[in-house]
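# Coordinate analysis (summary)
Below, each chain spelled out in residue letters.
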Amino acid sequence: MRRFINILFLLLAAAAEAKAQKSFELPVWQSGECVDADCVDARLYCYLPEVANGKAMVICPGGAYEFLAMDHEGHQFAPLLNKEGMAVFVLKYRMPKGRHEVPFADVAQAMRIVRAHAKEWGIKKVGIMGSSAGGHLASTLATHYADSITRPDFQVLLYPVVTMNDKYTHKGSRDNLLGKNQTQELVDKYSNELHVPDKAPEAFIVLSSADKVVVPYNSLQYAQALINKNIKTDLHIYEGGYHGFGYNTSYTEHKQWINELLYWLRKR
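Keep in mind that what you see is a predicted model, and the values were worked out from it rather than measured.

With 16 residues, helix H3 (residues 101–116) should reach 22 Å at 1.5 Å per residue; the first-to-last C-alpha distance of 22 Å fits that figure. For H3, every residue scored as buried is listed here: Val102, Pro103, Asp106, Val107, Ala108, Gln109, Ala110, Met111, Ile113 and Val114.

Encoded structure:
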């Protein structure tokens, strides 16, 4: 009898968890919308909350535009944000391999998908979030958006690559995005601190002062560019630490920065 009760309890718990987090997967591109052979690789992993608060987040994992850290910079944020009532969309964007327009096309299309289903999914505001090279992609959308549909309502950046300037950029990310023989025109185009518009999304930026992979100047320079445009900017630099902490609970300041993020998101 006790075994039966335990099994029943587990089944009920599983059912409750499934109800609390509805998840599914969508292609970013439909047939005919994208002609590249790897268009089918772009995917959107969707997590809808049990009770929606009207907000959503499209998440771009990092990986130097060479691979994607889908778990600790992507999927692991879904339960946290779902609990807040936010819908979460983790984007598996295509690797550029020197095709600089490809990741941007994927993230812009992801925004269109979310906004097209906004009423169905209980969404009123859509933010963009990215880590490292994913932070570069997120900030590229935040500075180069084409219209109100692709413009994020807010941006969350974790230790982002921002500039393509040789002195401060992450060279692996730059080479993978732009190719080995970059023109100055492309370097300038994807140095996002140079392109902050007057209506840039409000920003939350977090990083570690000891980051040796993507130097903090990327975040500092971008934050100053946002402030120069009177864009509300919340910048957090934690002592020590390392690059790529993402949702890792082993990071010393994990609880602190997560609480700061949730506090900021609740005000949006």
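A separate point is helix H6 (residues 171–178). Of all the positions in H6, only Ser173, Arg174, Leu177 and Leu178 are classed as buried. Each buried residue of H6 lies within a common arc of 100 degrees when the element is viewed along its axis, so the set occupies one face.

Let us look at the packing of H3 against helix H5 (residues 133–144). Here H3 crosses H5 at 70 degrees, and the two axes come no closer than 10 Å. In this view, H3 runs roughly perpendicular relative to H5, as classed from their interaxial angle. In terms of crossing hand, the pair formed by H3 and H5 is right-handed. Side by side, H3 and H5 meet where Pro103, Phe104, Val107, Ala108 and Met111 of the first sit next to Leu137, Thr140, Leu141 and His144 of the second. Here the contact of H3 with H5 is composed, by residue class, of seven nonpolar, two polar and no charged.

Attention shifts here to the environment of Ala138. By the element assignment, Ala138 lies in helix H5. On the accessibility criterion, Ala138 (0% relative accessible area) is buried. Along the backbone, Ala138 and Leu157 are 19 residues apart, and their C-alpha atoms lie at a distance of 7.4 Å.

Turning our attention to the pairing of strand S7 (residues 202–208). Of all the seven residues making up S7, six are buried; the element is thus mostly covered by neighbouring parts of the structure. As paired strands, S7 and strand S8 (residues 233–238) are joined by six bridges and run parallel to one another. Each residue of the ladder has a partner; that of Ala203, found in S8, is Thr233. Where the polypeptide runs from S7 across helix H8 (residues 217–228) and back to S8, its parallel neighbour, the crossover connection is right-handed.

It is worth spelling out the pattern of salt bridges at this point. Taken as a whole, this structure holds 15 salt bridges when the rule is applied. For Arg266, the salt bridge goes to Glu84, with nearest N and O atoms at 2.8 Å. A residue pair is termed long-range when its members are at least 10 positions apart, and Arg266 in helix H9 (residues 254–266) and Glu84 in the loop between helix H2 (78–83) and strand S4 (87–92) qualify at 182 residues. A relative accessible area of 53% means that Arg266 is categorised as exposed. Given a relative accessible area of 25%, Glu84 falls into the partly exposed group. A salt bridge links Arg94 to Asp106; the nearest nitrogen and oxygen atoms lie 2.9 Å apart. Residue Arg94 is found in the loop between S4 and H3, and its partner Asp106 is found in helix H3; the two are separated by 12 residues along the sequence.

This part covers unusual backbone geometry. For Ala64, which is not a glycine, the phi torsion comes out positive at approximately 60 degrees. When you line up the elements, Ala64 lands in the loop between strand S3 (54–60) and H2. Of note in this structure, Tyr65 is not a glycine but carries a positive phi near 55 degrees. One can find Tyr65 in the loop between S3 and H2.

Its location among the elements puts Arg268 in the segment after H9. There is a polar contact of 2.8 Å between the side chain of Arg268 and the side chain of Glu202. Apart from residues no more than four positions distant in its own chain, Arg268 is found in contact with Lys55, Lys125, Phe154, Glu202 and Lys232.

Turning our eyes to something else, we now look at the environment of Leu80. Examined against the element boundaries, Leu80 turns out to sit in helix H2. Owing to a relative accessible area of 15%, Leu80 belongs among the buried residues under this scheme. As a C-alpha pair, Leu80 and Tyr247 span 167 residues in sequence and 9.9 Å in three-dimensional space. Residue contacts for Leu80: discarding those within four places in its chain leaves Tyr247, Ile258 and Leu262.

Cut-offs and rules
- Residues numbered from 1 in each chain as written.
- Predicted model: local features only at pLDDT ≥ 70, side-chain atom pairs only at ≥ 80, totals over all residues.
- Heavy atoms only, no water.
- Helix = DSSP H or I, 4+ residues; strand = E, 2+ residues; numbered from the N terminus.
- Expected span 1.5 Å × (residues − 1).
- Buried < 20%, exposed > 50% of the residue type's maximum accessible area, 1.4 Å probe, protein only.
- Arc of directions from axis to C-beta.
- Axes fitted to C-alpha atoms, helices over the stretch in contact; angles between N-to-C directions.
- Parallel < 35°, antiparallel > 145°, perpendicular 65-115°, else oblique.
- Left-handed = near helix turned anticlockwise from the far one by under 90°.
- Contact = heavy atoms within 4.5 Å.
- Nonpolar A, V, L, I, M, F, W, Y, C, P; charged D, E, K, R; others polar.
- Pairing = 2+ DSSP bridges.
- Right-handed = clockwise from strand over helix to strand, strands pointing away.
- Salt bridge = Lys/Arg side-chain N within 4 Å of Asp/Glu carboxyl O.
- Polar contact = N/O pair within 3.5 Å; in protein donor to acceptor, adjacent residues only side chain to side chain.

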